[in-house]
Amino acid sequence: RRPPDTPFRQQKLKAWRPILTPAWVIGTFTAVGIVFLPIGAVCLLASQSVVEVISQPYDEACCVKNCGSDDPDRVDLNPCNLKITVPETMQPPIHMYYMLQGFYQNHRRYVKSRSDRQLRGETGLTPSQLTDCVPRAYADADGPDSLSNVINPCGLIAASVFNDTFKLRTTDGEPVSLTKAGIAWRSDVEDKFANSKETGTNFAPFAGQDCSPGSGYCVEDEDFIVWMRTAGLPTFRKLYRTIHTELPAGDYVISVTNGVSEPGKDAPVNPSTGRAQRTLYPVHPFGGHKFVILTTTSWIGGKNDFLGYAYIIVGAVSLVLAVGFFAKHKLSPRKLGDTSYLMWSKESTNAH
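Residues numbered from 1 in each chain as written. Predicted model: local features only at pLDDT ≥ 70, side-chain atom pairs only at ≥ 80, totals over all residues. Heavy atoms only, no water.

Participant: Please clarify how the packing of helix α1 (residues 22-48) against helix α8 (residues 306-331) should be interpreted in this entry.
Facilitator: A pair of packed helices can be characterised by two numbers: the angle between their axes and the separation between those axes. With their axes 7 Å apart at the nearest point, α1 and α8 run at an angle of 155° to one another. It follows that α1 is roughly antiparallel to α8 by the angle criterion. Of the two possible hands of crossing, α1 and α8 adopt the one that is left-handed. Taken together, the residues of the contact of α1 with α8 sort by class into 23 nonpolar, eight polar and no charged. (Axes fitted to C-alpha atoms, helices over the stretch in contact; angles between N-to-C directions. Helix = DSSP H or I, 4+ residues; strand = E, 2+ residues; numbered from the N terminus. Parallel < 35°, antiparallel > 145°, perpendicular 65-115°, else oblique. Left-handed = near helix turned anticlockwise from the far one by under 90°. Nonpolar A, V, L, I, M, F, W, Y, C, P; charged D, E, K, R; others polar.)

Here is the structure:
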């Protein structure tokens with residue numbers, strides 16, 4: 001029953017067994033420190049070159065009545081104007097984001113609550129075939145399992161689609177051009193989202209829109225596509241528009257609106273009910289907050305100092321360890337391969 005005498009079966013395959021001598025250890029730590037410190041400095045400088053402006057939480061600034069977290073009779077300013085100050089000139093491209101705080105898009109049931117087949121434009125899907133979308137698959141929970149009773153697009157992600165809209169202007173009233181094209185991933189736009197003849201069925205957020213295939217609205221709308229790519233953390237930002245002109249330093253006004261403006265009416269109206277829209281996108285029921293962000297980018301991306309500081313800290317610690325090991329090696333060197341340091345050797349000597 002003895003295994004064959006082969007290098008593999010006897011575990012004698014050739015392998016590199018490095019000996020960590022003081023020179024190797026000190027040299028490795030020194031090299032890591034020398035490499036990481038300048039990388040960290042460059043990353044930190046790139047991050048700090050980004051100009052980023054975050055508005056005040058406009059869920060608080062825009063509320064005028066019944067602002068409690070669980071008050072169903074809340075009233076917001078609609079439209080609501082926010083003042084934002086740009087501290088220095090922002091060079092294009094400038095990205096406008098909306099940021100939500102306390103919204104758990106990463107909840108398992110929420111993430112699963114969608115039908116990719118439906119979003120790709122497949123037709124003939126009845127509510128019973130949309131099990132992942134329950135309870136947002138049937139328009140009437142007690143109704144028939146038919147196309148007339150299906151919600152399209154179904155699921156909690158689509159049902160909670162963000163629908164505040166933003167406009168940016170100077171304090172003199174001059175509008176700043178915002179570009180919508182290109183805010184969503186190209187693969188999503190081309191391959192994953194398409195209208196069908198059933199799109200918009202029993203789905204209030206698409207009321208009044210042209211949901212025909214190729215229209216560019218409804219499921220094909222880039223704002224909707226951006227929302228459907230769920231975030232991994234409860235505080236997240238999603239790209240809203242891109243600005244391709246320079247923004248000089250100064251004060252600007254962001255106008256936040258929810259609903260559709262109609263001629264002859266002072267306030268935006270809810271397209272599904274035809275009544276005045278009294279609230280903006282609701283985050284108060286779960287204690288969340290909403291912000292608007294203007295930011296530039298650098299070669300490393302947006303503003304995030306963590307990566308730079310991480311490289312600097314690791315590099316500094318490595319150099320400190322290298323100096324410590326060097327001092328230890330010079331002050332109290334140890335002979336390599338000295339068997340007197342082995343426990344069994346000491347015990348054997350004491351026994352004699």
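Right, picking up where we left off after that structure.
Participant: Whenever I open this one, the confidence of the model for the protein chain confuses me. Can you help?
Facilitator: Regions with low pLDDT should not have their predicted coordinates read in detail. Summing up the model confidence of the protein chain, the mean pLDDT is 91 and the portion of residues at 70 or higher is 96%. Of all helices and strands in the protein chain, the one with the weakest mean pLDDT is helix α9 (residues 343-351) (56), whereas strand β5 (residues 94-101) scores best (97). (pLDDT = per-residue confidence, 0-100.)

Participant: I keep staring at the nonpolar core and nothing clicks. Help me out?
Facilitator: Across soluble globular proteins, you tend to see nonpolar side chains buried next to one another. Ranked by size, the top nonpolar core spans 61 residues in total, and within it Tyr58, Leu100, Phe166, Leu168, Phe224, Trp227 and Leu247 carry the most contacts. Residue assignment for this core shows that the elements contributing at least two residues are β4 (80-86), β5, α5 (156-159), β6 (165-170), α7 (222-228), β7 (236-243), β8 (250-257) and β9 (289-295). For this core, the leading source of residues is β5, giving six residues. When sequence neighbours within four positions are dropped, the list of residues in contact with Leu168 reads Met96, Pro175, Val176, Leu178, Ile243, Leu247, Tyr252, Val253, Ile254 and Leu294. (Core = buried A, V, L, I, M, F, W, Y, C linked by side-chain atoms within 4.5 Å. Buried < 20%, exposed > 50% of the residue type's maximum accessible area, 1.4 Å probe, protein only. Contact = heavy atoms within 4.5 Å.)

Participant: Help me understand the packing of aromatic side chains in this model?
Facilitator: When we look at a pair of aromatic rings, we describe it by the centre distance and by the angle of the planes. Within this structure, the stated rule accounts for 17 aromatic pairs. On the basis of an interplanar angle of 65° and a centroid distance of 5.0 Å, the ring pair of Phe36 and Tyr311 is categorised as edge-to-face. You can see Phe36 sitting in helix α1 and its partner Tyr311 sitting in helix α8, a full 275 residues away along the chain. Judged by relative accessible area, which is 26%, Phe36 ranks as partly exposed. A ring pair is formed by Phe203 and Phe206, whose centres lie 4.6 Å apart and whose planes are at 65°; its orientation type is edge-to-face. Considered together, Phe203 and Phe206 belong to a single accessibility category, that of buried residues. These aromatic residues form a ring-pair network of at least three members: Tyr58, Tyr98, Phe103, Tyr110, Phe162, Phe166, Trp227, Phe236, Tyr240, Tyr281 and Phe286. Here Arg237 stacks its cationic end above the ring of Tyr97, 5.8 Å away from the centre of that ring. Looking at Arg241, its charged tip hangs above the ring of Tyr240, at a distance of 4.0 Å from the centre. (Phe/Tyr/Trp six-rings, centres within 6.5 Å; stacked < 30°, edge-to-face > 60°. Lys NZ or Arg CZ within 6 Å of the ring centre and 35° of its normal.)

Participant: Mind showing me how you'd approach the pattern of salt bridges here?
Facilitator: Think of it this way: side chains of opposite charge can pair up when their charged atoms draw near. Inspection of every chain in the model, using the stated rule, returns 12 salt bridges. Note that Arg74 is salt-bridged to Asp76, the shortest N-O span being 3.0 Å. Taking the shortest distance from any N to any O, the salt bridge between Lys180 and Asp221 comes out at 2.3 Å. Of this pair, Lys180 sits in the loop between β6 and α6 (186-192) while Asp221 sits in the loop between α6 and α7; the two residues are 41 residues apart in sequence, bridging distant segments of the chain. By relative accessible area, Lys180 is classed as partly exposed at 29%. Members of the salt-bridge network, linked through shared partners, are Lys180, Asp221, Asp223 and Arg241. (Salt bridge = Lys/Arg side-chain N within 4 Å of Asp/Glu carboxyl O.)

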